[in-house]
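# Commentary on secondary and tertiary structure
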Amino acid sequence: MPAVQRANTWEISDSEEESDLNKPSSSSSGEKKKRRRRTREEVQEEQENRRAAREKQRQEKNKLKEEKLEEQQRRREAAVRVSLFKPENFIKSLTLQIHAALLRDAGCDVLLRTLDGLQWKNCIENQGLPNSISWTRPALQTEDEAKNGVIEEDQVLMVISHYEFEDMVMSHKTETNQPAESLLQHLYKYLTEASRKFVTVLVISHQQRSGSGDEDHFDFHLSQHHLDTEALLVHLQLYWNVSVNFLFGWQEVTDHVVAVTKAVSKRPYKALCGEPDLGFCMDGSWSAGVRVDRDGRGLAQVWTRQIQQLNRVSPALAKAVTSVYPSPSLLLQAYEQQPSEEERRRLLADLTVVGGAKERRVGPELSGRIHRLLTSQNPHLMLD
């Protein structure tokens, strides 16, 4: 039997043909992997966009930097302004304008020596209201009301002797025959032209004070011109808003000038900082109140403050009561245990007050007031 020989060729099945057909060709895959080449316009557009983004970022950074520098500059200017407005600095910029007519009185040397000792600027002027003392200062950059770079304060003092004041009284009495150069006419003319000025007349008497210290007893004031003097004072106060002060000697005039100068120097700083609507309500722990937590912490301090609200009650006195009776209910219970009304009023009298140089007690007066506070049913009862 002849041997069977294997054919030299392989037979390809139908499944293999199908797999070969499904395989992607290497040439097509290579074409897909190739990236599309950008045009020159697209490249330039992308570069411009990047450049614009960097420029915008740089501008924003510069803007923030400028705003920061401006804020720092504003803070520095505000700090400098506050420093200039402080009384100890502001008073150095004030200049006292002293009318030359005051130099005719030898007592004016007291004022000049005092100003030189305080190192306050002053100058002699021959303009404005006769016998006057006024204040000027250089204008700041934020003030546009300056005249020639100088601001005049609204306070003016007019210093006259009691003889000149008597002449003003007579001039007011004989209004139809007033001389054109009288001090009263100069005052009226000055007030008419300077409506925003506040003038204070200082009348000097070279006599000494009486032993009683009553300032109203001037020989010239309570003499034959008493009614005429009162008429002039009322006229100046009501029609011209001018007040008149009677002083003894140039030393009191000097003290008055120093006091007004200090008051003028404090006004700008107070206006800059702003004053509260209620000047008598002081900031601090007392006005801030007491915080009471949910667990009751702080009620003991509220009880102490309640007693301290009574007149002439110090913190030590209030603490002496609340340390023995930590709450109002405990004190009320102690009142109920007393057999008589007198013993209730004197219940707290012997409590010792801790603090101070010597030992003391609460006393029957405060003990009675606290008793009335907690037990009285009359809402109109005066505790003190």
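Here's what I pulled together on the structure shown here.

About the cut-offs
Residues numbered from 1 in each chain as written. Predicted model: local features only at pLDDT ≥ 70, side-chain atom pairs only at ≥ 80, totals over all residues. Heavy atoms only, no water. Helix = DSSP H or I, 4+ residues; strand = E, 2+ residues; numbered from the N terminus. Contact = heavy atoms within 4.5 Å. Patch = residues over 30% accessible without salt bridge, like charges linked within 9 Å, V, L, I, M, F, W, Y side chains within 5 Å. Areas by Shrake-Rupley, 256 points an atom, 1.4 Å probe, with all protein chains shown as cover. Salt bridge = Lys/Arg side-chain N within 4 Å of Asp/Glu carboxyl O. Buried < 20%, exposed > 50% of the residue type's maximum accessible area, 1.4 Å probe, protein only. Axes fitted to C-alpha atoms, helices over the stretch in contact; angles between N-to-C directions. Parallel < 35°, antiparallel > 145°, perpendicular 65-115°, else oblique. Core = buried A, V, L, I, M, F, W, Y, C linked by side-chain atoms within 4.5 Å. Left-handed = near helix turned anticlockwise from the far one by under 90°. Nonpolar A, V, L, I, M, F, W, Y, C, P; charged D, E, K, R; others polar. Pairing = 2+ DSSP bridges. Phe/Tyr/Trp six-rings, centres within 6.5 Å; stacked < 30°, edge-to-face > 60°.

Before going further, it helps to spend a moment on the side chain of S161. For S161, the location among the structural elements is in strand 4 (residues 150-161). Excluding residues within four positions of it along the chain, S161 makes contact with V203 and I204.

Let us now look at a nonpolar patch on the surface. Taken together, the side chains of V234, L238 and Y239 define a hydrophobic patch exposed on the protein surface, amounting to about 370 Å² of accessible area. The exposure class assigned to L238 is exposed, which follows from its relative accessible area of 65%.

What follows deals with the packing of helix 6 (residues 162-173) against helix 8 (residues 226-240). Between helix 6 and helix 8, whose axes approach to 9 Å, the crossing angle comes to 80 degrees. In terms of axis orientation, helix 6 runs roughly perpendicular to helix 8. Residues F165, M168, V169, H172 and K173 of helix 6 form the contact with helix 8, whose own contacting residues are D228, T229, A231, L232, L233 and H235.

The subject of this paragraph is the pattern of salt bridges. The final tally for this structure, using the stated rule, is 15 salt bridges. Here R58 makes a salt bridge to E55, at a shortest N to O gap of 2.3 Å. Pair noted here: R58 and E55 are both in helix 3 (residues 40-85), with a separation of three residues, about one helical turn. On the basis of relative accessibility, which here comes to 33%, the residue E55 falls in the partly exposed class. A salt bridge links E365 to R369; the nearest nitrogen and oxygen atoms lie 2.9 Å apart. Placement of both E365 and R369 in helix 15 (residues 364-375) is noted, with a separation of four residues, approximately one turn of the helix. We classify R369 as buried; its relative accessible area is 2%. Each member of the salt-bridge network shares a partner with another, and the members are R137, E153, D154 and R267.

Let us look at the environment of R38. Looking at the element boundaries, R38 is found in the loop between helix 2 (26-33) and helix 3. Residue classification places R38 among the partly exposed positions, given a relative accessible area of 48%.

As a further point, take the nonpolar core. Core analysis: the biggest nonpolar cluster contains 25 residues, and I133, V159, W250, V253 and V257 have the highest contact counts within it. Contributing elements (two or more residues each) for this core: helix 4 (87-93), strand 1 (95-99), helix 5 (108-118), strand 3 (132-138), strand 4, strand 5 (198-205) and helix 9 (249-273). Looking at this core element by element, the count peaks at six residues for helix 9. Residues L129, V156, L191 and V201 belong to the second largest nonpolar core, which totals 23 residues.

Attention shifts here to the packing of helix 5 against helix 9. For any two helices packed against each other, one specifies the crossing angle of their axes together with the interaxial distance. Put simply, helix 5 and helix 9 touch, their axes get as near as 8 Å, and they point 40 degrees apart. Here helix 5 is positioned oblique relative to helix 9, judged by the angle of their axes. Regarding helix 5 and helix 9, the two cross each other, and that crossing is right-handed. Between helix 5 and helix 9, the contacting residues are C108, V110, L111, T114 and L118 on the first element and W250, Q251, T254, V257 and V258 on the second. A breakdown of the residues in the contact of helix 5 with helix 9 according to their chemical character gives seven nonpolar, three polar and no charged.

Successive residues of a regular strand alternate their side chains across the two faces of the sheet. Here strand 3 lies mainly inside the structure; six of its seven residues are buried. Inspection of the sheet shows strand 1 paired to strand 3 by four bridges, in the antiparallel sense. Paired with T95 across the two strands is T136, which belongs to strand 3. Where strand 3 and strand 4 come together, six bridges link them in antiparallel fashion.

Moving on: unusual backbone geometry. Look at Q119: it is not a glycine, yet its phi comes out positive at around 60 degrees. Of note, Q119 is situated in the loop between helix 5 and strand 2 (121-125). The phi angle at N131 is positive, at roughly 60 degrees, despite the residue not being glycine. Looking at where N131 falls in the secondary structure, it is placed in the loop between strand 2 and strand 3.

The final tally for this structure, using the stated rule, is three aromatic pairs. With 6.1 Å between their ring centres and 70 degrees between their planes, F85 and F90 make a pair best called edge-to-face. On the accessibility criterion, F90 (3% relative accessible area) is buried. Between Y188 and W240 the ring centres are 5.0 Å apart and the planes differ by 15 degrees, which places this aromatic pair in the stacked class.

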